[in-house]
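So you can see what is in the structure, the chains are spelled out below.
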Amino acid sequence: MSLPALLEQRLRLPVVAAPMFLISNPQLVLACCRNGVVGSFPALNQRDSSGFKAWLEEIEAGLALLDNPAPYAVNLIVHNSNERLEADLAICIEHKVPIVITSLGAVKEVVDAIHGYGGLVFHDVTTRRHAEKAAQAGVDGLIAVAAGAGGHAGTWSPFALVAEIRQFFDKTVLLAGCINHGREILAAQVVGADLAYLGTRFIGTTESHAPDAYKEMLLASRAADIIHTPAVSGVPASFMRKSLENAGFDMATLNSKGETGNKLKPLSDEAKAWKTVWSAGQGVGEISDLPSTDQLIARLDEQYRQALHLTQQLSNHWPHPR
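None of the values given here were measured: they were computed from a predicted structure.

### Looking at the side chain of Thr-172
And step 1. Its location among the elements puts Thr-172 in strand β7 (residues 172-176).
And step 2. One polar contact links the side chain of Thr-172 to the main-chain carbonyl oxygen of Ser-2, over a distance of 2.6 Å.
And step 3. For Thr-172, the contacting residues outside a window of four places in its chain are Ser-2, Leu-3, Pro-4, Phe-122, Asp-140, Gly-141, Leu-142, Asp-194 and Leu-195.

### Let's talk about the sheet that holds strand β8 (residues 195-198)
And step 1. Strand order in the open sheet formed by eight strands is β1-β8-β7-β6-β5-β4-β3-β2, and the pairing between neighbours is parallel. Both outer strands of the open sheet, β1 (15-17) and β2 (39-42), are each paired with one neighbouring strand and no more. Here the strands of the sheet are splayed against their neighbours by 25° on average, with no regard to which way each runs.
And step 2. Here helix α4 (residues 108-115) sits on the sheet in contact with β4 (99-103) and β5 (120-125), set at roughly 150° to β5.

### Notes on the side chain of His-181
And step 1. Take His-181: it is sitting in the loop between β7 and α7 (182-191).
And step 2. Within polar-contact distance, the side chain of His-181 engages the backbone nitrogen of Arg-183 at 3.0 Å.
And step 3. Excluding residues within four positions of it along the chain, His-181 makes contact with Glu-286, Leu-300 and Gln-303.

### Observations concerning the pattern of salt bridges
And step 1. Considering all chains together, one arrives at 13 salt bridges under this definition.
And step 2. The salt bridge partner of Arg-12 is Asp-301, with a shortest N-O separation of 3.7 Å. Here Arg-12 is found in the segment before β1, whereas its partner Asp-301 is found in helix α12 (residues 293-317), with 289 residues between them in sequence.
And step 3. Overall, Arg-12 belongs to the partly exposed group, its relative accessible area being 34%.
And step 4. Here Arg-34 and Asp-294 are joined by a salt bridge, their closest N and O atoms 2.8 Å apart. Residue Arg-34 is found in helix α1 (residues 26-34), and its partner Asp-294 is found in helix α12; the two are separated by 260 residues along the sequence.
And step 5. Classification of Asp-294 as partly exposed rests on a relative accessible area of 32%.
And step 6. Within the structure, one salt-bridge network assembled from shared partners comprises Arg-12, Asp-301 and Arg-305.

### As for the pairing of β8
And step 1. In β8, alternate side chains face the same way, and those of Leu-195 and Tyr-197 on one face and Ala-196 and Leu-198 on the other are all buried.
And step 2. When β1 meets β8, the two strands line up parallel, connected through three bridges. Following the sheet pairing, Val-16 is matched in β8 by Tyr-197.
And step 3. Here β7 runs beside β8; their pairing, made up of three bridges, is parallel. By the bridge assignment for β8, Leu-174 is matched with Leu-195.
And step 4. In this fold, β7 hands off to α7, which returns the chain to β8; that crossover is right-handed.

### Here we look at the environment of Met-217
And step 1. Relative to the helices and strands, Met-217 resides in helix α9 (residues 212-220).
And step 2. For Met-217, a relative accessible area of 12% translates into the label buried.
And step 3. Taking C-alpha positions, Met-217 is 24 Å from Ala-196, a pair spaced 21 residues apart along the chain.
And step 4. Not counting residues up to four positions away in its chain, the partners in contact with Met-217 are Met-240, Lys-242, Ser-243, Asn-246 and Trp-278.

### Side note on the nonpolar core
Proteins that are soluble and globular tend to have nonpolar side chains buried together.
And step 1. Counting 71 residues, the largest nonpolar core has Tyr-72, Val-74, Ile-165 and Phe-202 as the members making the most contacts within it.
And step 2. Look past the residues within four positions of Val-74 in its chain and what remains in contact with it is Phe-41, Ala-43, Phe-52, Leu-56, Cys-92, Val-97, Ile-99, Val-100 and Ile-101.
And step 3. One finds Val-16, Ala-73, Leu-120 and Ala-176 within the second-largest nonpolar core, a separate group that totals 17 residues.

### Observations concerning the packing of helix α2 (residues 49-63) against helix α3 (residues 85-95)
And step 1. In the contact formed by α2 and α3, the axes pass within 10 Å of each other and the chain directions differ by 25°. Compared by their axis directions, α2 and α3 come out roughly parallel. For the pair α2 and α3, the sense of crossing is right-handed. Between α2 and α3, the contacting residues are Ser-49, Phe-52, Lys-53, Leu-56, Glu-57 and Glu-60 on the first element and Ala-87, Asp-88, Ile-91, Cys-92, Glu-94 and His-95 on the second.
And step 2. Here the contact of α2 with α3 is composed, by residue class, of five nonpolar, two polar and five charged.

### A look at the packing of α7 against α12
And step 1. At a closest axis distance of 7 Å, the pairing of α7 and α12 adopts a crossing angle of 55°. With respect to α12, the axis of α7 lies oblique. For α7 against α12, the interelement crossing comes out right-handed. On α12, the residues touching Gly-182, Arg-183, Ile-185, Leu-186 and Gln-189 of α7 are Leu-300, Gln-303, Tyr-304, Ala-307, Leu-308 and Thr-311.

Criteria and cut-off values
Residues numbered from 1 in each chain as written. Predicted model: local features only at pLDDT ≥ 70, side-chain atom pairs only at ≥ 80, totals over all residues. Heavy atoms only, no water. Helix = DSSP H or I, 4+ residues; strand = E, 2+ residues; numbered from the N terminus. Polar contact = N/O pair within 3.5 Å; in protein donor to acceptor, adjacent residues only side chain to side chain. Contact = heavy atoms within 4.5 Å. Pairing = 2+ DSSP bridges. Axes fitted to C-alpha atoms, helices over the stretch in contact; angles between N-to-C directions. Salt bridge = Lys/Arg side-chain N within 4 Å of Asp/Glu carboxyl O. Buried < 20%, exposed > 50% of the residue type's maximum accessible area, 1.4 Å probe, protein only. Right-handed = clockwise from strand over helix to strand, strands pointing away. Core = buried A, V, L, I, M, F, W, Y, C linked by side-chain atoms within 4.5 Å. Parallel < 35°, antiparallel > 145°, perpendicular 65-115°, else oblique. Left-handed = near helix turned anticlockwise from the far one by under 90°. Nonpolar A, V, L, I, M, F, W, Y, C, P; charged D, E, K, R; others polar.

Structure (structure tokens):
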């Protein structure tokens, strides 16, 4: 495994709760960190930079009351459509945010600025080309957003994506895509990742900011109900079919294959769309309840330990050949 010193002896499980647009909030972040997994949120979940700074202060005050919590992370959109990038980056530097998750652009100057105070940079990638560019920018970790993930997901198999990343990258690798159970956290590590990256499962918690109707749709959905399309934001992303229909999208003309040559829409337009068009990954069929984050992580921990025990049983069943 390749874990940075910041995460050594700080995690109960090898898990990062992904930053979810309009969903993640300080309550969810603190609940995750309190339970030994990295909690995160997008800076843009606050309407302006002053609100973003206030959230950081709230999270830091909450963490100061805990004994050895997991570190937290902030997601920054590194794209020229994000007019707040410079201001939000300055706030991250001021607060020495432990982990910054960058999306839609791996820029060496941004990475260097975060490294300047000792922070870590993890970057979202969906292909080898994206991963190579991020590695050249000096990031500390690559988040392999594989087929089936929620949000801005890729189309590559996790086996292919992690395997190709590992050919040239020996730092921290995180795997995203349909991870809802402790055995799947272990599977991510067996495939070659260091950490599992869970988003959709944390939408279905009591702390998440998702509306009740969103959570109920999550419970009612199955893998076949997830549509991967660039129609909402200009970049291919995964959404629940029913929410697309409710928002007036023509299902007969949506490109569910998610072509990549689309222009990113302005963030203000995307925010309006995502309020009513709800994202989720293909693993929704495995989600059947809405626990607290405390309850969810305790369950994941138990499942993970059971899966570790199972691997030992399998090893005993399949001994080395003579």
